[in-house]
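Coordinate analysis (summary)
Here is what each chain is made of, one letter per residue.
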Amino acid sequence: MNALTIYEGSSSIVKKPIYGKGVRHNDYGLGFYCTESLDLAKEWAVKENRDGCVNKYVLDLSGLRVLDLSDKGFTTLHWIAILVQNRIFNTAHDVSKEGKRYLINHFILPIENYDVIKGYRADDCYFLYAANFLNNALTLQ
């Protein structure tokens, strides 16, 4: 078995994850978001004025199609292209509209063909990085 131990920080116990109950406009689209980091899951589980819990899963990757954005051949631009396709961006300026179009046309990956996506941290602070890049307020470096 090709096993991967993953964690999900939550306000409740989730014994069996169900696809389709998430938010469509998250970084990687509709999905069940987990991490390989127990500490990060703990961070996500607890919010101000709310306790939480960490759900642990062992995922058998045998037979699953896995997209790992850290693999050779993928760049930060592939990740940003996925973000701009899934997240809602303020593209009020022509440069950001053209940038979004360019990223999707040149770097988008067929994520619908995969069962698992291993990528960069999916949360609002990383989204802000991509939004600033798209709005020409941050360089790729």
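All figures in this text were calculated on a predicted structure; none of them were measured in a lab. (Residues numbered from 1 in each chain as written. Predicted model: local features only at pLDDT ≥ 70, side-chain atom pairs only at ≥ 80, totals over all residues. Heavy atoms only, no water.)

A short note on the overall build of the chain
A tally of regular secondary structure across the chain gives four helices and four strands. Along the chain direction, N to C, the helices and strands of the chain fall in the order β-α-β-β-α-α-β-α. Within the chain, the fraction of its 141 residues that count as buried is 33%. Only carbon and sulfur atoms are counted for the fraction: they give 51% of the accessible area of the chain, which is about 9,200 Å². (Helix = DSSP H or I, 4+ residues; strand = E, 2+ residues; numbered from the N terminus. Buried < 20%, exposed > 50% of the residue type's maximum accessible area, 1.4 Å probe, protein only. Areas by Shrake-Rupley, 256 points an atom, 1.4 Å probe, with all protein chains shown as cover.)

Side note on the confidence of the model for the chain
For the chain, per-residue confidence averages 85 on the pLDDT scale, and residues scoring 70 or more make up 89% of the total. Mean pLDDT across the elements of the chain bottoms out in helix 4 (residues 124-134) (68) and peaks in strand 2 (residues 53-60) (96). (pLDDT = per-residue confidence, 0-100.)

Focus on the pattern of salt bridges
Under the definition given, this model contains three salt bridges. Here Lys118 and Glu36 are joined by a salt bridge, their closest N and O atoms 3.5 Å apart. On the criterion of sequence distance, the pair formed by Lys118 in strand 4 (residues 116-118) and Glu36 in the loop between strand 1 (3-10) and helix 1 (38-45) is long-range, its members being 82 residues apart. Residue classification places Glu36 among the partly exposed residues on the basis of a relative accessible area of 48%. One salt bridge in this structure joins Glu98 and Arg101, with 3.0 Å as the shortest N-O distance. Within this pair, Glu98 and its partner Arg101 are both found in helix 3 (residues 94-107), separated by three residues, close to a single helical turn. By relative accessible area, which is 42% here, Glu98 ends up partly exposed. (Salt bridge = Lys/Arg side-chain N within 4 Å of Asp/Glu carboxyl O.)

A short note on helix 3
Between the first and last C-alpha of helix 3 there are 19 Å, a value that for 14 residues agrees with the 20 Å anticipated at 1.5 Å per step. Within helix 3 the residues assigned to the buried category are Ser96, Leu103 and Phe107. For helix 3, the angular spread of the buried residues around the axis is 40°, confining them to a single face. Opposite the buried face of helix 3, at more than 90 degrees from it, the exposed residues are Asp94 and Asn105. (Expected span 1.5 Å × (residues − 1). Arc of directions from axis to C-beta.)

Some points on the packing of aromatic side chains
Under the definition given, this model contains three aromatic pairs. For the ring pair Phe32 and Tyr57, a centre distance of 5.8 Å and an interplane angle of 75° mean the geometry is edge-to-face. Within this pair, whereas Phe32 is found in the loop between strand 1 and helix 1, its partner Tyr57 is found in strand 2, the two being separated by 25 residues in sequence. Assessed through its relative accessible area of 31%, Phe32 is described here as partly exposed. (Phe/Tyr/Trp six-rings, centres within 6.5 Å; stacked < 30°, edge-to-face > 60°.)

Some details on the packing of helix 2 (residues 76-86) against helix 3
Here helix 2 crosses helix 3 at 120°, and the two axes come no closer than 9 Å. With respect to helix 3, the axis of helix 2 lies oblique. Crossing angle aside, the handedness with which helix 2 passes helix 3 is left-handed. Together, Leu77, His78, Ile80, Ala81, Val84 and Gln85 of helix 2 and Lys100, Leu103, Ile104 and Phe107 of helix 3 make up the contact between the two elements. A class-by-class count of the residues in the contact of helix 2 with helix 3 yields seven nonpolar, two polar and one charged. (Axes fitted to C-alpha atoms, helices over the stretch in contact; angles between N-to-C directions. Parallel < 35°, antiparallel > 145°, perpendicular 65-115°, else oblique. Left-handed = near helix turned anticlockwise from the far one by under 90°. Contact = heavy atoms within 4.5 Å. Nonpolar A, V, L, I, M, F, W, Y, C, P; charged D, E, K, R; others polar.)

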